[in-house]
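Structural overview
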Amino acid sequence: MSDEPQPQQHGQGWAPREPRAAGTPQRGTGTGTGTGGKRVRTGWRRYVPTWRMVLGGFLVTALLLVGGFFLGYSLVHIPSANALATKQANVYLYADGSVLARDGEVNRESVSLDRISEEAQHAVLAAEDRDFYTESAVDPQAMIRAAWNTATGKGKQSGSTITQQYVKNYYLRQEQTVTRKVKEFFIAIKLDREQSKDEILEGYLNTSYFGRNAYGIQAAAQAYYGVDAQDLDAPRAAYLAALVNAPSQYDVIAHPENRPAVESRWNYVLDGMVQKGWLSKAERTGLKFPKPKKTTTSTGMSGQRGYIVRTVKDHLIRNKILDEEELDAGGHRITTTLHKDKQDAFVDAVNDNLMDRLDPENRKVDTYVRAGGAAIDPRSGKVVAMYNGIDYVKQYTPNATRRDYQVGSIFKPFVFASAVENGSTTQSGQAITPNTVYDGTNERPVQGWPGERYAPANEDDRSYGHITVREATDKSVNAVYAQMAVDVGSDKVQQTAVDLGIPATTPELTASPSIALGVATASALDMAEAYATLANHGEHGAYTMIEKITKDGNKTVPLPERKTRRAVSREAADTTTAVLRGVVQNGTASAAQGAGRPAAGKTGTAEEDRAAWFAGYTPELATVVSVMGQDPVTAEQKKLYGAMGLPRINGGGPPAEIWAQFTREALKGEPVSDFDLRLQSGAERTAPPTASADPSSSTPDDDTSQAPGTDESVNRNPGQDEDGTEGGTQGRTDEGTTGDIPTGGGTADGGTTPAGDTTGVTGGGTGSTGNTGNTGNSGTDGANGTDGTGRTGGPSGTGTDTGRGGQDGQDGLTGFIQQSARRQ
């Protein structure tokens, strides 16, 4: 390479250095220019960025922000809702729409925006985001301010719009972190592009927390004022809107010391509503602070509420209306058929006639007492009231639906209804009607049953001799009804019970003579359904407890159509009703007359006094009440002897008294109506009581003038004819042949029966001689006569005891009537 200087390219700014004279200052020192002619920044100027640097930095930052925004926008997706935001309570309502109970982990009921009053919507906007409908989804300035205050320890602040708060409530968790704020920012922007402002506001109002464990404005309206969100006016709405800012601290009931701050916030909300034109100044001027209620309708599970919720849930699942998963998800608004006034009346009746009369401290047996009951409208099948126990949190088992106690004699009407329905006859071939005569002797073996010997005892081991079906029902004679079940066919009785409404799966509902005595363990609700069928003239429809169900405030859940069918003929149902009216008028259920209305019913007592029942109905309401004995520790069934200080608990006692008070109060104000009955042929007449004890089953001749008429409560001294004159003899045979019955002659033809099978019951105070039957050996003072139940003619009857026989026969009847009146 040549040592000579190479020529430089033009523009490279190079020139040969000129020789520097001695003492001449070096170039570039002080304020001179730098190498190559450039000026060098010195001193403090070295730390000040040039405009080029500022511009470059701004551009780089802008590019980073824009790039970061698009990166974040693309990376952050709208997630699924968090678990807390979607959880709702199921709300249970009375038929009138008032809240009965709520259940679920979160007390929230989501409602559509049109079910939130405009005052409530505007109040929340005035409190939280007045320009919500015109502004963007985010407010960067407020976010920066809030972030700075949070970072510098000046307190956590959100600085968020309603859209951002909704994102936080619905999609994210509540912690105050930079990561959460970044996600909230991007999700809010995306959400604002995908949903309308109304949808976002609706979501916000349904997810905000208002204190008192109330999530969403609907739950808050109920928690603080006991109203629905659609009924909130401006003052109450403004208070709820103020709560969002500090739910726990702004509850003036829990923190009365904070009321000045709360009222200041309340006024701020109202002023904002005026500023935005949502409230006039005139309206604003007259408003007073609406103090929330200290207590509102309890939405917990105490009292009857827990029982009802559990029973309704079981009903929904069993009928495949909703399954467990759907119920667990919540969000259902379930309107029941229960009437609040009737529900309260049931509780009062049980308390007044049972619970308030117990003395558990001095009588251990009183600690065993439980009660249950159900009431159904016979025409609609709607359950209007239930009683399940003193308190769900104290006694868990719903007593209205449990199926573990024998129903006792309230089952007997099903036997008679089945007899009429099937046109059944006695063993001797006579049609079974209310006037059919049966042998009511205690422990009389049932005839015609192919199984092992069955001889049921009557209550208190009393014998009644010959007695009509009507009387046997009044006095609940087991011997008669066990025989009737066999006469009808116990399998037919079983089917009739199922047709009336008793579940086929009911424990111990078996085809045998014992079915008549109520060994089956149906629930009070089951029995109420069956009795409602009788009250509805034999037309059956399954009971219902649900009026309407909606999901998330707008979706209607379809309900199965209620179908009705003919369970038994109208004559069978109505004739049974006629017989059961006698039980109330003359029999063991006289306490039911306290209802003050025409009523039909039947008492019942389970084996060893473990349960007592009354099942009764008016044309408008069928109700069953049970009193049961249960050990509070072991849950073992217990006898109720001595409870309430009484020797025993009978169906005609507390159960009938509860029924009477409840029915009177439940139907208060409704017109009193009588039963419209269409009776079985021959049932219109009522045969007088009979005192013969011969084991025959026959029906009085419909053509005779023996029946006094249609009055079911005839109590006439046997031995007098319809004209009031003494005389008249009844002759009856085992085969059921009815002798000719004169109206005043004092004699009767006993029929054509073998010797010793004919009974002569002779009236004749003048000393006339009782005539024998056609085959003889029938007398007025037979060897087998039983005091108190009439005289039974036997093989050794004298048949010639002039005068004395007639008097003894009448004495026996009189004793029978007196003894029957003392029963129960």
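As the structure is a prediction and not an experimental result, all values here were calculated from the model.

Another aspect to go through is the overall build of the chain. Helices and strands together make up the secondary structure of the chain, namely 22 helices and 16 strands. Summed over all atoms, the accessible surface of the chain reaches about 37500 Å², with 49% contributed by carbon and sulfur.

Attention shifts here to the pattern of salt bridges. Charged atoms that come close allow side chains of opposite charge to pair. In total, this model carries 32 salt bridges according to the counting rule given. The residue E109 makes a salt bridge to R333 at a minimum N-O spacing of 2.2 Å. Of this pair, E109 sits in the loop between β2 (99-103) and α3 (118-128) while R333 is found in strand β3 (residues 332-336), placing the two residues 224 residues apart along the sequence. As far as burial versus exposure is concerned, E109 and R333 are alike and both buried. Taking the shortest distance from any N to any O, the salt bridge between E608 and R610 comes out at 2.6 Å. Each of R102, E109, R115, D228 and R333 takes part in a single network of salt bridges with overlapping partners.

Together, W51, L55, F58 and L59 make up a nonpolar patch on the protein surface, roughly 480 Å² of accessible area in all. W51 gets classed as exposed once you look at its relative accessible area, which sits at 59%.

As a further point, take the nonpolar core. Among the nonpolar cores identified, the biggest contains 120 residues, and F414 and M484 are the most heavily contacted of them. Looking at this core, the element that brings in the most residues is helix α19 (residues 524-535), giving nine residues. For F414, the contacting residues outside a window of four places in its chain are T496, A497, L500, I502, M527, A530, Y531 and L534. Among the nonpolar cores identified, the runner-up in size contains 51 residues, and F132, I162, A220 and L243 belong to it.

Glancing now at the pairing of strand β9 (residues 546-551). For β3 and β9, the ladder comprises five bridges, and the chain directions are antiparallel. Among the inter-strand pairings, H332 is bridged to a residue of β9, identified as K551.

Take D323: it is sitting in the loop between α12 (305-318) and α13 (324-329). Given the relative accessible area of 39%, D323 is considered partly exposed. The spacing of D323 and K313 is ten residues in sequence and 8.9 Å in space, taken between C-alpha atoms. Within the structure, D323 has its side chain in polar contact with the backbone nitrogen of E326 (distance 2.8 Å).

Attention shifts here to the packing of aromatic side chains. How two aromatic rings sit relative to each other is given by the distance of their centres and the angle of their planes. Under the defined criterion, the tally for this structure stands at 15 aromatic pairs. The interplanar angle of 80 degrees and the centroid separation of 5.3 Å between the aromatic rings of F614 and W659 together place this pair among those described as edge-to-face. With F614 in strand β13 (residues 611-617) and W659 in helix α21 (residues 654-666), this pair connects stretches of sequence that are 45 residues apart. The class for F614 is buried, based on a relative accessible area of 0%. Taking relative accessible area as the criterion, W659 reaches 0% and is therefore assigned buried. Of the aromatic side chains, those joined through ring pairs into one cluster are Y224, Y225, Y239, W266 and F289.

Under the 1.5 Å per step criterion, the end-to-end length of helix α14 (residues 340-353) is 20 Å for 14 residues, consistent within 8% with the ideal 20 Å. Every buried residue of α14 is listed here: K342, Q343, A345, F346, A349, V350 and N353. Each buried residue of α14 sits inside an arc of 160 degrees when the element is viewed along its axis, so together they form one side. At its buried positions, α14 is contacted by α12, β4 (369-376), β5 (383-387), β14 (622-629) and α21.

Each value, and the rule that gives it
- Residues numbered from 1 in each chain as written.
- Predicted model: local features only at pLDDT ≥ 70, side-chain atom pairs only at ≥ 80, totals over all residues.
- Heavy atoms only, no water.
- Helix = DSSP H or I, 4+ residues; strand = E, 2+ residues; numbered from the N terminus.
- Areas by Shrake-Rupley, 256 points an atom, 1.4 Å probe, with all protein chains shown as cover.
- Salt bridge = Lys/Arg side-chain N within 4 Å of Asp/Glu carboxyl O.
- Buried < 20%, exposed > 50% of the residue type's maximum accessible area, 1.4 Å probe, protein only.
- Patch = residues over 30% accessible without salt bridge, like charges linked within 9 Å, V, L, I, M, F, W, Y side chains within 5 Å.
- Core = buried A, V, L, I, M, F, W, Y, C linked by side-chain atoms within 4.5 Å.
- Contact = heavy atoms within 4.5 Å.
- Pairing = 2+ DSSP bridges.
- Polar contact = N/O pair within 3.5 Å; in protein donor to acceptor, adjacent residues only side chain to side chain.
- Phe/Tyr/Trp six-rings, centres within 6.5 Å; stacked < 30°, edge-to-face > 60°.
- Expected span 1.5 Å × (residues − 1).
- Arc of directions from axis to C-beta.

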